[in-house]
Amino acid sequence: MDLIPSFQVDHIKLLPGIYVSRIDTIGDQFATTFDIRMKKPNLEPSLHGNAIHTIEHIMATYLRNNPEWKDKVIYWGPMGCLTGCYLIMKGKLTPQEILPLMISGFEYIADFEGDIPGAAPDQCGNYLFQDLPTAKWEAKKYLEVLKNNPSFVYPTK
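Residues take numbers from 1 onward in each chain, read along the sequence in its written order. Selection of residues for local features in this predicted model requires a pLDDT of at least 70, selection of side-chain atom pairs for listing and counting requires 80 or more, and totals for whole chains, interfaces and linings are taken over all residues. To get the side-chain values, all heavy atoms of the structure are used, and hydrogens and water are removed first.

Enquirer: Got a minute to help me understand the packing of aromatic side chains in this structure?
Expert: Aromatic ring pairs are described here by two measures, namely the spacing of the ring centres and the angle between the planes. Working definition: a ring pair exists when centres of Phe, Tyr or Trp rings (six-membered ring for Trp) sit within 6.5 Å. Plane angles under 30 degrees give stacked, over 60 give edge-to-face, the rest tilted. Using the criterion set out here, one finds 5 aromatic pairs in the structure. With centroids separated by 5.7 Å and ring planes inclined at 70 degrees, the aromatic side chains of Tyr 108 and Phe 112 adopt a geometry described as edge-to-face. The cut-offs for exposure are 20% and 50% of the maximum accessible area for each residue type, with area from a 1.4 Å probe on protein chains only; residues under the lower value are buried, those over the upper are exposed, and the others partly exposed. Overall, the relative accessible area of 8% leaves Phe 112 in the buried class. Put simply, the rings of Tyr 62, Tyr 108 and Phe 112 touch in pairs and so form one group of aromatic residues.

What follows is the structure, encoded as structure tokens:
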């Protein structure tokens, strides 16, 4: 069985940044899957499950309420390896085009106060699995990457 393209990326050289994981064609439309890489794979600790769950809730809510981008958002969620998230958007987009959106979204998380959206027993299957202080800390750390020349091109083997 052939390895899927994302397993062919050199994860030893992979840095935090924003990457195009794939572009799919659906009829005459495009969908771009972005790799929102927050951690250096295999070199630094992954995101804690509770924190990435909180990031997922807050960012998904932010994206789906953003007046400019909400109609392009298909999906936001964590990677299984917990080193980042996937963002799927309608259209054929570049990391540079969504960089301002990611900066504003992670600023929103870093500054978030109050109840975590969707963190109630009737709204989430594991509503207690949250950690706002760590999510905010991780958002601030990732903002440093986003604001200081993030990587946009996958490393080759």
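Back to the write-up after that little detour.
Enquirer: Help me understand the sheet that holds strand S4 (residues 84-90), please; the structure alone is not making it clear to me.
Expert: Strand-to-strand pairing in sheets goes through backbone hydrogen bonds, with the strands running parallel or antiparallel. Read from one edge to the other, the open sheet built from 4 strands follows the order S1-S2-S4-S3, with strand pairing classed as antiparallel. Two strands bound the open sheet, and with one partner strand each, they are strand S1 (17-26) and strand S3 (73-78). Neighbour-to-neighbour, the strand axes of this sheet turn through a mean angle of 15 degrees, independent of strand direction. At least two DSSP bridges between two strands are required for those strands to pair. Working definition: helices are DSSP H or I runs of at least four residues, strands are E runs of at least two. Numbering for both runs from the N terminus. The pairing of S3 with S4 spans 5 bridges and is antiparallel. In the sheet register, Gly 77 faces S4, and the bridge partner there is Tyr 86. Any pair of residues with heavy atoms lying within 4.5 Å of one another is described as a contacting pair. What counts as an axis is a line fitted to C-alpha atoms, over the stretch in contact for a helix, and the angles between N-to-C directions run from 0 to 180 degrees. Of the strands in this sheet, S3 and S4 touch helix H1 (residues 49-65), which is tilted by about 165 degrees from S3. Strands in contact with helix H2 (residues 95-110) are S1, strand S2 (29-37), S3 and S4; relative to S1, the strand with the most contacts, it is inclined by about 120 degrees.

Any link to function would need more than the numbers given here.
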